[in-house]
Amino acid sequence: MAETHSLQDMRQQAAIAAKVFIQRDYTNGTVCQFQTKFPSELETRIDKQQFEETVRMLNNLYAEAEKLGGSSYLEGCLACLTAYTIFLCMETHYEKVLKKIAKFIQEQNDKIYAPRGLLLTDPIERGLRVVEVTIFEDRSLGR
Amino acid sequence: MKNCEYQQIDPQALSTPTPTPTQPPRPAVEEEKEEERARRKWEVFPGKNRFYCDGRFIVAQQSGVLPLTLGLILVTTVLFFVFDCPFLVKHLTVFIPAIGGVLFVFAVISLLHTSFTDPGILPRATPDEAADIEKQIDNSGSSTYRPPPRTKEVMINEQVVKLKYCFTCKIFRPPRTSHCSLCDNCVERFDHHCPWVGNCVGKRNYRFFYTFIVSLSFLTAFIFGCVATHLALRAQGGRGLMFALQENPARYPFTKTLFWSILGLSGFHTYLVASNLTTNEDIKGSWSGKSGAEDTANPYSYNNIITNCCSVLCGPMPPSLIDRRGFVPVEESSQTVATEIELPMLAAKNEINVEDNCLDFAVSCAG
């Protein structure tokens, strides 16, 4: 069987050793932020700085999505004036940032996490509650 | 030896595996799964909601009063157009029905948006997530200070906020989230469950709800004013107020009742918006000190009326977290594919089909 490096194949063939869940951090209120505390299960797989950097970037992206500022107020007022029918044809600012986040997670998985046998799940697939990190069995030692 | 049945193999029949007495009905089930179309997530949604247009619209299970709300608004406006507009257009201005029409359309669209939008439902925890949380709860029980089980305390803007564990959704509820028993869902920034709109009012549809009640207040105020003007003009016409009322009965007190109750509700919600509170928090007295705790202030308020209003009504529109129209991941079929590849290597299994057996035999003979 040929060695494959794509995430799809890894998901289907590799056995899942464990799953770690990074919970939400509510110290700043209801804004979407995740805890940057490094989970002990990942100590053998990835560098602490690297992981904290990923979570910090994610938090920054979510803060950008939920930022209250001129552009978001303008979008809100325009939507109200058109009786919210504008949402049927326009993509909201939040949705645009969510696409950016999806791309960021894909990049992080491809470059950093997949080579180490880890997989980050986009928080939107878990209702923005957790960042799920799947730890795959380390097959490289077995072969 | 293996339990095989040697029978004439019809090449045409190979594509459709025939279930023989020794074989369990697994091939038939597999084919069923392959033919079964991928289901959308709304079809397997665990809460008590109803979905229309293939998951595009979501309402509560009991949306019985929504038609009544629509009917009341429609009837009042139609009566206004039929009885008052002709007279007022003749005696005042042609803009009267135009303004009435715009307000009516605005109110109805806001109502439909409130009713059919996901209020901010939190999807339930996956089994892995639920197990992880259970583990954490069990582990944390060993500290000296024991908060009641299934609660977690967090500090938000120097206020201690208790997060409760939801037994139905198997998550610790985020702040301001509440579980609606009618819809059986946890809803973010839960305000209340409104039977008039047939849906919960939460984070995602509060602005639509507020727009609805404010535009409805304007509509009823406008109709009330027009009806009063109509009656006054007719009374002035020489025959007196009583005769005018006799000619146009019922609409006047009806509109008056509607107007005051909706105006009261709009006023209440304007206060809530300005102080960044939810109906749920106001009723429970979470931040007003009624519950006995001292020095409690609303940690979510920006302490500025304009900022509070802007953040609640004009803030960024959060996405729906339940992904109604997404497809249910077919993890079961990928597992059956994996096991099918492994099966020919295991001699003890009865599920090996005849084709593979004969192929192995042929290969062994040739080799």
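If you check an unreviewed UniProt entry, chain B appears there as Palmitoyltransferase from Coregonus suidteri. Turning to chain B, the UniProt record has this under Subcellular location (unreviewed entry): "Membrane". For the record of chain B, the UniProt heading Catalytic activity (unreviewed entry) holds the text "L-cysteinyl-[protein] + hexadecanoyl-CoA = S-hexadecanoyl-L-cysteinyl-[protein] + CoA".

Chain A goes by Golgin subfamily A member 7 in an unreviewed UniProt entry, where it is assigned to Coregonus suidteri. In its Sequence similarities (unreviewed entry) section, the UniProt record describing chain A reads: "Belongs to the ERF4 family." One UniProt comment on chain A, placed under Function (unreviewed entry), says "May be involved in protein transport from Golgi to cell surface. The ZDHHC9-GOLGA7 complex is a palmitoyltransferase specific for HRAS and NRAS."

A. Layout of the overall build of chain A. Along chain A, the regular secondary structure elements total 4 helices and 3 strands. The contacts in chain A between residues at least 6 apart in sequence include a share of 60% that link residues at least 24 apart. For chain A, the exposed area adds up to about 7900 Å²; of that, 52% sits on carbon and sulfur atoms.

B. Structural detail: the UniProt feature "domain: Golgin subfamily A member 7/ERF4" (unreviewed entry) in chain A. UniProt feature "domain: Golgin subfamily A member 7/ERF4" (unreviewed entry): in the numbering of this structure it lies at residues 20-132 of chain A. As annotated, residues 20-132 of chain A has a helix share of 45% and a strand share of 10%, and its two end C-alpha atoms lie 6 Å apart.

C. Here's a closer look at a nonpolar patch on the surface. The grouping of Leu74(B), Val78(B), Phe81(B), Val82(B) and Phe83(B) at the surface amounts to a nonpolar patch, some 420 Å² of accessible area in total. Following the sequence through the fold, Val82(B) ends up in helix α2 (residues 66-91).

D. Spotlight on the packing of aromatic side chains. All chains considered together, the criterion is met by 12 aromatic pairs over all chains. Between Phe45(B) and Phe51(B), the aromatic rings sit 5.5 Å apart at their centres with planes inclined by 85°, giving edge-to-face as the arrangement. Both residues of the pair, Phe45(B) and Phe51(B), count as buried. Here the aromatic rings of Phe80(B) and Phe81(B) are separated by 5.4 Å at their centres, their planes lie at 55°, and the arrangement is tilted. Ring-pair connections join several aromatic residues into one group, and the members of that group are Tyr84(A), Phe87(A) and Phe208(B). Looking at Lys152(B), its charged tip hangs above the ring of Phe172(B), at a distance of 4.8 Å from the centre.

E. The arrangement of the interface of chain A and chain B in detail. Facing the 33 residues of chain A at the interface are 38 residues of chain B. In total, about 2900 Å² of surface goes out of reach between chain A and chain B, with carbon and sulfur atoms giving 67% of it. Per-residue buried area on chain A facing chain B is highest for Tyr26(A), Tyr84(A) and Arg129(A); these three make up 25% of the total on that side. Measuring nitrogen to oxygen at the nearest pair gives 2.8 Å for the salt bridge that ties Glu129(B) to Arg129(A). Between chain A and chain B we count 5 residue pairs in polar contact (both at pLDDT 80 or more) in total. The set of elements that each furnish at least two residues to the side of chain A that touches chain B consists of β1 (16-23), α3 (70-81), α4 (93-113) and β3 (130-136) of chain A. The element best represented in the side of chain A that touches chain B is α3(A), accounting for 6 residues. Residues belonging to the side of chain A that touches chain B are distributed by class as follows: 16 nonpolar, 11 polar and 6 charged.

F. Looking closely at α3(A). Residues and elements named next belong to chain A. Helix length check: α3, at 12 residues, gives a terminal C-alpha distance of 16 Å against a target of 16 Å (1.5 Å per residue), a fit within 8%. Residues of α3 that are buried make contact with α4. Looking one or two residues beyond α3, the residue adopting positive phi is Ala-83, at roughly 55°.

G. Main features of the side chain of Arg24(A). Looking at the secondary structure, you find Arg24(A) in the loop between β1 and α2 (48-65). Within the buried set, Arg24(A) has no salt-bridge partner at all; the shortest N-O distance to an opposite charge, 5.0 Å, is to Glu188(B). Within the structure, Arg24(A) has its side chain in polar contact with the backbone oxygen of Thr30(A) (distance 3.3 Å). Reaching out from Arg24(A), the side chain makes a polar contact with the backbone oxygen of Leu128(A) at a distance of 2.7 Å. Sequence-distant contacts of Arg24(A), defined by excluding residues within four places in its chain, comprise Thr30(A), Val31(A), Cys32(A), Gln33(A), Phe34(A), Gln35(A), Leu128(A) and Arg129(A).

Quick notes on the rules
Residues numbered from 1 in each chain as written. Chains lettered and ligands numbered in written order. Predicted model: local features only at pLDDT ≥ 70, side-chain atom pairs only at ≥ 80, totals over all residues. Heavy atoms only, no water. UniProt positions renumbered as here; feature names shortened; annotations may be inferred. Helix = DSSP H or I, 4+ residues; strand = E, 2+ residues; numbered from the N terminus. Contact = heavy atoms within 4.5 Å. Areas by Shrake-Rupley, 256 points an atom, 1.4 Å probe, with all protein chains shown as cover. Patch = residues over 30% accessible without salt bridge, like charges linked within 9 Å, V, L, I, M, F, W, Y side chains within 5 Å. Salt bridge = Lys/Arg side-chain N within 4 Å of Asp/Glu carboxyl O. Phe/Tyr/Trp six-rings, centres within 6.5 Å; stacked < 30°, edge-to-face > 60°. Buried < 20%, exposed > 50% of the residue type's maximum accessible area, 1.4 Å probe, protein only. Lys NZ or Arg CZ within 6 Å of the ring centre and 35° of its normal. Buried area = accessible area lost by both parts, 1.4 Å probe. Polar contact = N/O pair within 3.5 Å; in protein donor to acceptor, adjacent residues only side chain to side chain. Nonpolar A, V, L, I, M, F, W, Y, C, P; charged D, E, K, R; others polar. Expected span 1.5 Å × (residues − 1). Lys, Arg positive; Asp, Glu negative; His and termini not counted.

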